[in-house]
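Remarks on the overall topology
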Amino acid sequence: MNSEFTPQRIADRMEIQHRIYQYCHGVDRMDFAMVRQTYHSDAYDNHGAYQGGVDGLIDWMEKRHPSIELCLHLICNVYIEIIDDNEALCESYAICWQRVGREAWAFGSSGDEGEDEGVLEFSTVFRYVDQFTRRDGVWRIQNRTVVNELGFMIPEQFGERLQNPSSWAAGKRDNSDPVQILRNTLLSEVGKRTV
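Conventions and cut-offs
- Residues numbered from 1 in each chain as written.
- Predicted model: local features only at pLDDT ≥ 70, side-chain atom pairs only at ≥ 80, totals over all residues.
- Heavy atoms only, no water.
- Helix = DSSP H or I, 4+ residues; strand = E, 2+ residues; numbered from the N terminus.
- Buried < 20%, exposed > 50% of the residue type's maximum accessible area, 1.4 Å probe, protein only.
- Core = buried A, V, L, I, M, F, W, Y, C linked by side-chain atoms within 4.5 Å.
- Contact = heavy atoms within 4.5 Å.
- Pairing = 2+ DSSP bridges.
- Axes fitted to C-alpha atoms, helices over the stretch in contact; angles between N-to-C directions.

Moving on to unusual backbone geometry. Even without being a glycine, M30 presents a positive backbone phi close to 55°. Within the fold, M30 resides in the loop between α1 (7-28) and α2 (32-37). Take M30: its relative accessible area is 27%, and that puts it in the partly exposed class. For D136, which is not a glycine, the phi torsion comes out positive at approximately 50°. Relative to the elements of secondary structure, D136 occurs in the loop between β5 (120-135) and β6 (138-155).

Printed below as a string of structure tokens:
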């Protein structure tokens, strides 16, 4: 059997890939405690507009994201190269779509992006280039660089937003989102069974 695909290496790859998805889920649902779990406490993140440690990254996100009505991360190719038992390189191709209010632009790199545009539909194509390390048996991000490949903005006045019927499930960036409701229901049911 190829040493890259032993049961342990497969488990390593699955855990690393899970951290990528966990990060995206945390950002999209504004669960920043979950985002923090994907990084080691002394990790470094170069997000472009933010560059620094994890505490600063979380603070930046907590200030920026309340004025982002919609945030969807789509992960495409995930290439994982195991360097040794405790270190790996991971390159993830991604697309992010956001509906961004003017307030969010205040947290950009120069502070004046989109100053006069109001609400924007904003999409980027990028890669996460991550160094993962394993400590105490857990894989987490040690160093992340967001490599921007392509981006575009659509001012609100140039696009007509589709209005779905009120009977359709609608995404929310809080505990009223359908995934959060289902999670709470399932956890509550498991709690009742174990009592």
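Ranked by size, the top nonpolar core spans 32 residues in total, and within it I16, Y23, V35, Y39, M61, Y128 and F132 carry the most contacts. Every element with two or more residues in this core is listed here: α1, α2, β1 (39-46), α3 (54-64), β3 (68-84), β4 (87-100), β5 and β6. Ignoring sequence-local partners within four residues, the contact set of I16 consists of I80, I82, A88, C90, F132 and W139.

What the six strands build is an open sheet, ordered β2-β1-β6-β5-β4-β3; its pairing is mixed. Both outer strands of the open sheet, β2 (51-53) and β3, are each paired with one neighbouring strand and no more. The average angle at which neighbouring strand axes cross in this sheet is 15°, direction not considered. Pairing of β4 with β5, which is carried by 14 bridges, proceeds in the antiparallel orientation. Along β5, the bridge assignment pairs L89 with Q131. Across the sheet, α1 is in contact with β1, β3, β4, β5 and β6; its angle to β3 comes to roughly 160°. This element, α3, spans β1, β2, β3 and β4 of the sheet and lies at about 65° to β1.

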